[in-house]
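The primary structure of each chain is shown beneath.
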Amino acid sequence: MRSHLKGIGASAGIAIAKAYRLEEPELKIVKKNIGDRDAEKRRLEQAISQSKAELEKIKEYVNRELGADKAEILAAHLLVLNDPELINPVFDRISTEGVNAEFALKESADRFVSMLESMDNEYMRERAKDIRDVTNRVTAHLLGVQIPDPSLISEEVVIIAEDLTPSDTAQLNRRYVKGFATDIGGRTSHSAIMARTLEIPAVVGTKQATSSIEYGAVVIVDGLEGEVIIDPSPETIAQYEAKKVQYETQKAEWAKLVHEPTVTKDGVHVELAANIGTPADVKSVLENGGESVGLYRTEFLYMGKDRLPTEEEQFTAYKTVLEKMNGKPVVVRTLDIGGDKELPYLNLPKEMNPFLGFRAIRLCLEEQAIFRTQLRALLRASSYGNLKIMFPMIATVSEFREAKSILLEEKEKLLASGVRVSDQIEIGMMVEIPSTAVMADQFAKEVDFFSIGTNDLIQYTLAADRMNERVAYLYQPYNPAILRLISMVIDAAHKEGKWAGMCGEMAGDPIAIPLLLSLGLDEFSMSATSILPARAQIKELSSEHAISVKGAVLSMKTSEEVIEFVKRTFN
Ligand code: PEP
Ligand code: MG
């Protein structure tokens, strides 16, 4: 058994707690003949009512912490348990055949599930999953087996899982979940990004967390170094407690900069913005001294539901963010679904290469009703603050033109019907596909701004899946190929008098920051918790010195050479 695992530090900080394994328990069901049929029915009734009580509790928690829309999923689960077509046959079989409750329940659930799964429709397959989920909960009660429920955890734990989906991550209760470690994933997978938003220390891509860590074992998650220590000795615990205190002290130092502008030693201001996923995240942006929102990932409004959000729901979310930011810029990205962010209710066929497939702007230009609803909500919200809109995954100039013309069409329609729309909205695009970086000089004539999405730009340039820890060695932010593309984009923007920002995770990376300053980046948008350390770092850098090394940086050959240069030159 390993006592030390190396992974990727996905969210800074140290967590020390007992392991809570988030995995499906094994439910072994054997057919039995039951003597006392009435007692068996009472046992089933009790398991159903325990399950309902748990689901009610989870629903309340999700409703309180994550909003009514996310709680709808649990309401749907509760409905399953009240469905007479599923439940009545189970009681009937116990009465007539004298079989055990778990066996009768499994047979009834199997019948439903195979019927729904055979429908070749993603939505129905999701319903099948709901039935499986809920009946597994009842079965676990019948068998006396524990089902893991992250929202019901009531003591401090570190979550151990093969992987966490963005919605699993959103449901983690920060009071008790002190950290997490997963087998798979990379620094820019969306669960890692969520961990940083929630300020939960995390290590992903350890390959072996689930095979090495027992339920209840004491675990240290070091999100600073990307390490997991299993069953540490008292000395090791003391050492990490000290490291934790040191990190907290460092954080308290950074906190002093919260109301300060971000200015280099030689007086050049750069904008430090934050990436958010929900209106609730604005609180952390302001607490961490964010000067603006550089990326609002709107897809979270569409996730964790079983239907599209309405125009009104979207309007309220966008208006809330704009009002809370009180006139500071808010860059909202239109729907970027696809890759590791799925929407089961759209019933899209499974693809071989989801990161290269029918996603983001490609989907929005095809499914225009979805796109237009979002644009109307955004345009209506625009009069409540300083809104900028950008389109994700633009690959060609025609795509940008088409998206922009649909936006302008919706704007004209709203104005014609007397709705107030700001006339100051900047319209920009993400640069995350190499073709757009290469063509940045042409795009710069048509956009108001660029936001470089390095999370994807790196994976597409080096052809290395951002989610796959086995090719993580190729996922190289400091590869000169990436630096050259970034430089081309910034120069192209400046030549046309436009601004260039970056909202990929690279913008908050301490090694990248001096490089980006040297390339002339205007806006750095990052996880809110990275803002203060970035501000502290930038205050110690000279812009003039950084710019003077641009030529040297762009003529390097390898990522290692770049890293070594940064360490030597900027420390
Ligand atoms: C990016 O690709 O860099 C980006 C910010 O978008 P996302 O991480 O949501 O794909
Ligand atoms: Mg992206």
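The shown structure was predicted, so the numbers you read here are calculated from the model rather than taken from an experiment. (Residues numbered from 1 in each chain as written. Chains lettered and ligands numbered in written order. Predicted model: local features only at pLDDT ≥ 70, side-chain atom pairs only at ≥ 80, totals over all residues. Heavy atoms only, no water.)

Trainee: Can you walk me through the overall build of the protein in this structure?
Mentor: A tally of helices and strands in the protein yields 23 helices and 16 strands. Computed over its C-alpha atoms, the radius of gyration of the protein comes to 26 Å, within 12% of the 25 Å expected for a compact globule of 571 residues. Its C-alpha atoms give the protein principal-axis dimensions of about 85 × 70 × 40 Å. Out of the 571 residues belonging to the protein, those deemed buried represent 55%. Counting contacts in the protein only where the partners sit at least 6 residues apart, residues at least 24 apart contribute 70% of the total. Split by element, the accessible area of the protein, about 24,500 Å² in all, is 51% carbon and sulfur. Across the protein, the centroid of the 68 positively charged side chains sits 1 Å from that of the 86 negatively charged ones. (Helix = DSSP H or I, 4+ residues; strand = E, 2+ residues; numbered from the N terminus. Rg over C-alpha atoms; globule rule 2.2 N^0.38 Å. Buried < 20%, exposed > 50% of the residue type's maximum accessible area, 1.4 Å probe, protein only. Contact = heavy atoms within 4.5 Å. Areas by Shrake-Rupley, 256 points an atom, 1.4 Å probe, with all protein chains shown as cover. Lys, Arg positive; Asp, Glu negative; His and termini not counted. Charge placed at Lys NZ, Arg CZ, Asp CG, Glu CD.)

Trainee: How should I be thinking about the sheet that holds strand S1 (residues 4-6) in this particular structure?
Mentor: The pairing of strands in a sheet happens through backbone hydrogen bonds and is either parallel or antiparallel. Read across the open sheet, the 8 strands follow the order S1-S8-S7-S3-S4-S5-S6-S2; overall the sheet is mixed. Unpaired on one side and paired on the other, S1 and strand S2 (8-11) mark the two borders of the sheet. With direction set aside, neighbouring strand axes in the sheet form an average angle of 30 degrees. The pairing of strand S3 (residues 14-21) with strand S7 (residues 218-222) spans 5 bridges and is antiparallel. Paired with Ile 14 across the strands is Asp 222, a residue of S7. Taken strand by strand, helix H7 (residues 190-198) contacts S2, strand S5 (177-182) and strand S6 (202-204), and its axis lies near 50 degrees from that of S2. (Pairing = 2+ DSSP bridges. Axes fitted to C-alpha atoms, helices over the stretch in contact; angles between N-to-C directions.)

Trainee: Any chance you could explain the pattern of salt bridges here in plain terms?
Mentor: Close approach of charged atoms lets side chains of opposite charge pair. By the definition in use, this model includes 38 salt bridges. Each of Glu 311, Glu 312, Arg 372, Arg 376, Arg 380, Glu 409, Glu 410 and Lys 413 takes part in a single network of salt bridges with overlapping partners. (Salt bridge = Lys/Arg side-chain N within 4 Å of Asp/Glu carboxyl O.)

Trainee: What's the story with the coordination of the magnesium ion (ligand 2) in this structure? I'm lost.
Mentor: Think of it this way: four donors in a tetrahedron around the metal ideally sit 109.5 degrees apart, and six in an octahedron ideally sit 90 or 180 degrees apart. The protein atoms donating to the magnesium ion (ligand 2) are Glu 432 (OE) and Asp 456 (OD), with metal-donor distances spanning 2.0 to 2.2 Å. Taken together, the residues Glu 432 in the loop between strand S13 (426-431) and helix H15 (434-438) and Asp 456 in helix H17 (residues 454-461) connect sequence positions 24 residues apart. (Donors = N, O, S within 2.8 Å, 3.2 Å for Na, K, Ca; no water.)

Trainee: Just checking my understanding: could you explain unusual backbone geometry for this structure?
Mentor: Note: most peptide bonds trans; most residues except glycine with negative phi. One non-glycine residue, Ala 360, lies in positive phi territory at about 45 degrees. Locating Ala 360 in the fold gives a position in helix H12 (residues 360-366). For Ala 360, a relative accessible area of 1% gives the class buried. Residues other than glycine seldom take positive phi values, yet Met 393 does so here, at roughly 60 degrees. Relative to the assigned elements, Met 393 resides in the loop between strand S12 (386-391) and helix H14 (397-416).

Trainee: How do you make sense of empty space enclosed by the protein when you look at a structure like this?
Mentor: In this approach the atoms are scanned with a rolling probe the size of a water molecule, which exposes any empty space left behind. Enumeration according to the criterion identifies 2 cavities of 30 Å³ or more in this entry. Computed from the structure, the largest cavity encloses a volume of approximately 90 Å³. Lining the largest cavity are 16 residues, with Arg 297, Arg 333, Glu 432, Asn 455 and Asp 456 positioned closest to its centre. Of all elements in the fold, only strand S10 (292-297) and H17 reach the threshold of two or more residues within the lining of the largest cavity. It is H17 that provides the largest number of residues to the lining of the largest cavity, a total of 3 residues. (1 Å grid on protein atoms, 1.4 Å probe; cavity = no way out; pocket = protein on both sides within 12 Å on 5 of 7 lines; lining within 4 Å. Points joined across faces, edges and corners; volume = space filled by probe spheres on them.)

Trainee: What is the right way to read the UniProt feature "domain: PEP-utilising enzyme C-terminal" (unreviewed entry) in the protein from this model?
Mentor: Following the UniProt record, one finds the feature "domain: PEP-utilising enzyme C-terminal" (unreviewed entry) at residues 251-541. Within residues 251-541, the helical portion is 40% and the strand portion 14%, while the C-alpha atoms at the span's ends are 20 Å from each other. (UniProt positions renumbered as here; feature names shortened; annotations may be inferred.)

Trainee: Would you take a moment to explain the site of ligand 1 for this structure?
Mentor: The environment of ligand 1 is formed by 15 residues, the closest being Arg 297, Arg 333, Gly 453, Asn 455 and Arg 466. In this structure, an oxygen atom belonging to ligand 1 sits 2.8 Å away from a side-chain N or O atom of Arg 297. Between an oxygen atom of ligand 1 and a side-chain N or O atom of Arg 333, the distance comes to 2.8 Å. Among the cavities detected, the one that contains ligand 1 is the largest cavity. Mapped onto the shell around ligand 1, the elements with two or more residues apiece are S10 and H17. The greatest single-element share of the shell around ligand 1, amounting to 3 residues, is contributed by H17. For the shell around ligand 1, the per-class residue count stands at 3 nonpolar, 5 polar and 7 charged. (Near = heavy atom within 4 Å. Polar contact = N/O pair within 3.5 Å; in protein donor to acceptor, adjacent residues only side chain to side chain. Sits in = over half its atoms within 2 Å of the grid points. Nonpolar A, V, L, I, M, F, W, Y, C, P; charged D, E, K, R; others polar.)

Trainee: Any chance you could explain the side chain of Thr 436 here in plain terms?
Mentor: Along the polypeptide, Thr 436 turns up in helix H15. When its relative accessible area of 0% is taken as the criterion, Thr 436 is described as buried. There is a polar contact of 2.7 Å between the side chain of Thr 436 and the backbone oxygen of Ile 433. Sequence-distant contacts of Thr 436, defined by excluding residues within four places in its chain, comprise Ile 394, Ala 395, Met 429, Val 431 and Phe 443.

Trainee: Quick question: what am I supposed to make of helix H9 (residues 234-255) here?
Mentor: Each turn of an α-helix holds 3.6 residues, which means side chains three or four residues apart point in the same direction. Helix length check: H9 (22 residues) gives 31 Å between terminal C-alpha atoms against 32 Å at 1.5 Å per residue, within 8%. Buried-residue contacts for H9 involve S3, S7, strand S8 (227-230) and helix H20 (531-539). (Expected span 1.5 Å × (residues − 1).)

Trainee: Where do I start with the packing of H17 against helix H18 (residues 480-495) in this structure?
Mentor: Helices that pack against each other are described as a pair by the angle of their axes relative to one another and the distance between those axes. Interaxial distance between H17 and H18 falls to 10 Å at its minimum, and their mutual angle equals 125 degrees. Relative to H18, the element H17 lies oblique. Of the two possible hands of crossing, H17 and H18 adopt the one that is right-handed. Along its contact with H17, which presents Thr 454, Leu 457, Ile 458 and Thr 461, the element H18 presents Ala 481, Ile 482, Leu 485 and Ile 486. Counted by class, the contact of H17 with H18 contains 6 nonpolar, 2 polar and no charged residues. (Parallel < 35°, antiparallel > 145°, perpendicular 65-115°, else oblique. Left-handed = near helix turned anticlockwise from the far one by under 90°.)

Trainee: Is there a simple way to explain the side chain of Ser 527 in this structure?
Mentor: Tracing the sequence through the fold places Ser 527 in strand S16 (residues 523-527). The class for Ser 527 is buried, based on a relative accessible area of 3%. A polar contact of 3.3 Å, which involves the side chain of Ser 527, links it to the side chain of Arg 196.

Trainee: Help me understand the packing of aromatic side chains, please; the structure alone is not making it clear to me.
Mentor: Centre-to-centre distance and the angle between the planes together describe a pair of aromatic rings. For the structure on display, the rule yields 7 aromatic pairs. Plain terms: the ring middles of Tyr 20 and Tyr 215 are 5.6 Å apart, the flat faces sit at 50 degrees to each other, and that makes the pair tilted. Of this pair, Tyr 20 sits in strand S3 while Tyr 215 sits in the loop between helix H8 (209-212) and S7, placing them 195 residues apart in sequence. Assessed through its relative accessible area of 8%, Tyr 20 is described here as buried. Assessed through its relative accessible area of 45%, Tyr 215 is described here as partly exposed. For the pair Tyr 296 and Tyr 318, a centre-to-centre distance of 5.9 Å together with 80 degrees between the ring planes defines the contact as edge-to-face. You can see Tyr 296 sitting in strand S10 and its partner Tyr 318 sitting in helix H11 (residues 311-324), a full 22 residues away along the chain. Given a relative accessible area of 1%, Tyr 318 falls into the buried group. One aromatic cluster is present, formed by Phe 371, Phe 391 and Phe 400 through successive ring pairs. Across from the ring centre of Tyr 384, 4.9 Å away, lies the NZ or CZ of Lys 319, which sits over that ring. Above the ring of Phe 315, the side-chain terminus of Arg 380 is found at 4.3 Å from the ring centroid. (Phe/Tyr/Trp six-rings, centres within 6.5 Å; stacked < 30°, edge-to-face > 60°. Lys NZ or Arg CZ within 6 Å of the ring centre and 35° of its normal.)

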